[in-house]
Amino acid sequence: MTSVHDRVSGTSGAGQDGRLTATTATAVAVAALREAGVPDGDARDVAAALTDTSLRGIDTHGLRLLPQYLTELEQRIAVARPDITVVRDTGAAVMLDADGALGVVAGLAAARIAAERARRHGVAAVGVRNSNHFGAASVYSRHLAAEGLVGIVTTSAASRVAPFSGTRPLYGTNPLSFAAACDGDEFALDMATSQVCFGEIKERRKHGEPLDPGWATDAAGRPATDPGEAHALSPLGGYKGQGLAMVATLLGAVLTGSPADWHLEHIGEAEPGRSRGIGHFLICLDPAAFAGGESFAAGFADLVDTTRQAEPGAEATLPVQVPGDPQQRTARERAVHGIPLDPHTARAFAELAARHGIGAGA
């Protein structure tokens, strides 16, 4: 039987991306997190979040993050068994202290509270402080959507993006995610407020490839296409993207009493022994409290169906889509053919699988 090491490392020479089934990826991640001291339930939550994110094609925020999260647990940047506490509770509004938890653990704790309170009050807002990197914001907005609710999620992040016309990176890539679902269909927007994530800059540097115009600027604020000269990422859509980035900082940092983006340490660069202090913010709406569930379902179907049926342009190569459609298509493909891993992540998973005795059929 082919071993998981063969499955993730590839057999056609160095540098070929390996592929891993979602089942095996989850099993490896759960075993590694348990060994790091994470309780079984939390380990399964984190593993599922990372695997599902990679299944959906968001590789920068999926399985690739597991080795970094394990390092943060080892260095006590993230706490394996946090005591997440309620700091303030007004009913519809709740403020949590994550006690340095893994960001996924803190984010899902907030999402579960938000769902319960939204059903009680019609609307809920949950802030989180003293957390760590929580991966893809859509993990939490989609969790709420799966409960028949509407989820809106953002988080603070370490500085990568200069303000429009500025030179110094001030804002993180500061995602905004919105999700809703009805009758098996889903709207799931998860967007950075920068033109591109910094991981893409690093990939272009690694391979010696130029940057697309408008992605980044050099130290003097001039457009940069040489990845080696990229000093700051550019906001999405100029000043409008800057405004959205500031909204994310206002909600994720200012409102939660967390450090602003320019005070945060980047993932992989944090000081051992203390949380990175990241803040998250979640809003949850119950359609039943507004126009009602049936009205929402009808309007949702009209919105997404009408959009998908729009006539594509003459030079379009794809049909008109709604947010989440490309990710669902990727997830279906990867469920059949496996999740591709970059060589570094493939090696890490091969080592973890061998360490824990997990085979390809796990």
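Residues numbered from 1 in each chain as written. Predicted model: local features only at pLDDT ≥ 70, side-chain atom pairs only at ≥ 80, totals over all residues. Heavy atoms only, no water.

Labelled according to an unreviewed UniProt entry, the protein chain appears under the name Ldh family oxidoreductase, originating from Streptomyces kurssanovii. The protein chain has a UniProt comment under Sequence similarities (unreviewed entry) that states "Belongs to the LDH2/MDH2 oxidoreductase family." (UniProt positions renumbered as here; feature names shortened; annotations may be inferred.)

What to know about the pattern of salt bridges
Taken as a whole and judged by the stated rule, the model has 23 salt bridges. Its salt-bridge partner being Arg 355, residue Glu 35 comes within 2.9 Å of it at the nearest N-O pair. Here the residue Glu 35 occupies a position in helix H2 (residues 22-35), and Arg 355 occupies one in helix H11 (residues 343-356), the gap between them amounting to 320 residues. Assessed through its relative accessible area of 46%, Glu 35 is described here as partly exposed. With its nearest N and O atoms 2.8 Å apart, the salt bridge here joins Glu 147 to Arg 119. You can see Glu 147 sitting in the loop between helix H6 (138-146) and strand E5 (150-155) and its partner Arg 119 sitting in helix H5 (residues 103-121), a full 28 residues away along the chain. Residue classification places Glu 147 among the partly exposed positions, given a relative accessible area of 37%. (Salt bridge = Lys/Arg side-chain N within 4 Å of Asp/Glu carboxyl O. Helix = DSSP H or I, 4+ residues; strand = E, 2+ residues; numbered from the N terminus. Buried < 20%, exposed > 50% of the residue type's maximum accessible area, 1.4 Å probe, protein only.)

A word on the packing of aromatic side chains
Two descriptors summarise a pair of aromatic rings, namely the distance from one centre to the other and the angle between the planes of the rings. Here the structure, examined in full by the defined rule, presents three aromatic pairs. Both rings, one in Phe 134 and one in Tyr 140, keep their centres 4.5 Å apart while their planes meet at 25°; by these two values the pair is stacked. The same class applies to Phe 134 and to Tyr 140, which are both buried. Plain terms: the ring middles of Phe 296 and Phe 300 are 6.1 Å apart, the flat faces sit at 35° to each other, and that makes the pair tilted. A residue pair is termed a helical-turn pair when its members lie 3 or 4 positions apart in one helix, as Phe 296 and Phe 300 do in helix H9 (residues 293-308) at four residues. On the accessibility criterion, Phe 296 (27% relative accessible area) is partly exposed. The ring of Phe 198 has Arg 160 sitting right over it, with the charged end atom 3.8 Å from the ring centre. (Phe/Tyr/Trp six-rings, centres within 6.5 Å; stacked < 30°, edge-to-face > 60°. Lys NZ or Arg CZ within 6 Å of the ring centre and 35° of its normal.)

What about the sheet that holds strand E7 (residues 185-191)?
Read from one edge of the open sheet, seven strands run E2-E3-E4-E11-E5-E6-E7, paired in mixed fashion. Each edge of the open sheet carries a strand with a single partner, namely strand E2 (85-89) and E7. Pairs of neighbouring strands in the sheet enclose a mean axial angle of 15°, with direction left out of account. Relative to E7, strand E6 (residues 176-182) is paired through seven bridges, and the arrangement is antiparallel. Of the residues in E7, the one forming a bridge with Ala 179 is Ala 188. (Pairing = 2+ DSSP bridges. Axes fitted to C-alpha atoms, helices over the stretch in contact; angles between N-to-C directions.)

Description of the environment of Val 150
Checked against the element boundaries, Val 150 lands in strand E5. Between the alpha carbons of Val 150 and Arg 334 there is a distance of 27 Å; along the sequence they are 184 residues apart. Not counting the four nearest positions on each side in its chain, Val 150 is found in contact with Ala 179, Ala 180, Ile 283, Cys 284, Leu 285, Pro 287 and Phe 296. (Contact = heavy atoms within 4.5 Å.)

Comments concerning the nonpolar core
Counting residues in each nonpolar core, the largest one holds 57 residues, and the members touching the most others are Leu 33, Val 46, Leu 66, Leu 73, Leu 102 and Tyr 140. Excluding residues that lie within four positions of it along the chain, Val 46 makes contacts with Leu 33, Tyr 69, Leu 102, Val 104 and Val 105. Membership of the second largest hydrophobic core comes to twelve residues, among which are Ala 216, Ala 230, Leu 233 and Ala 245. (Core = buried A, V, L, I, M, F, W, Y, C linked by side-chain atoms within 4.5 Å.)

A short note on helix H3 (residues 40-55)
Counted at 1.5 Å a residue, the expected span for H3 with its 16 residues is 22 Å, and the 22 Å between its end C-alpha atoms agrees. By the burial criterion, the buried members of H3 are Ala 43, Val 46, Ala 47, Ala 49, Leu 50, Thr 51, Thr 53, Ser 54 and Leu 55. Against H2, helix H4 (66-74), H5, H6, helix H10 (325-337) and strand E12 (339-341) lie the buried residues of H3. Backbone geometry just downstream of H3 places Gly 57 in the positive-phi region, at approximately 90°. (Expected span 1.5 Å × (residues − 1).)

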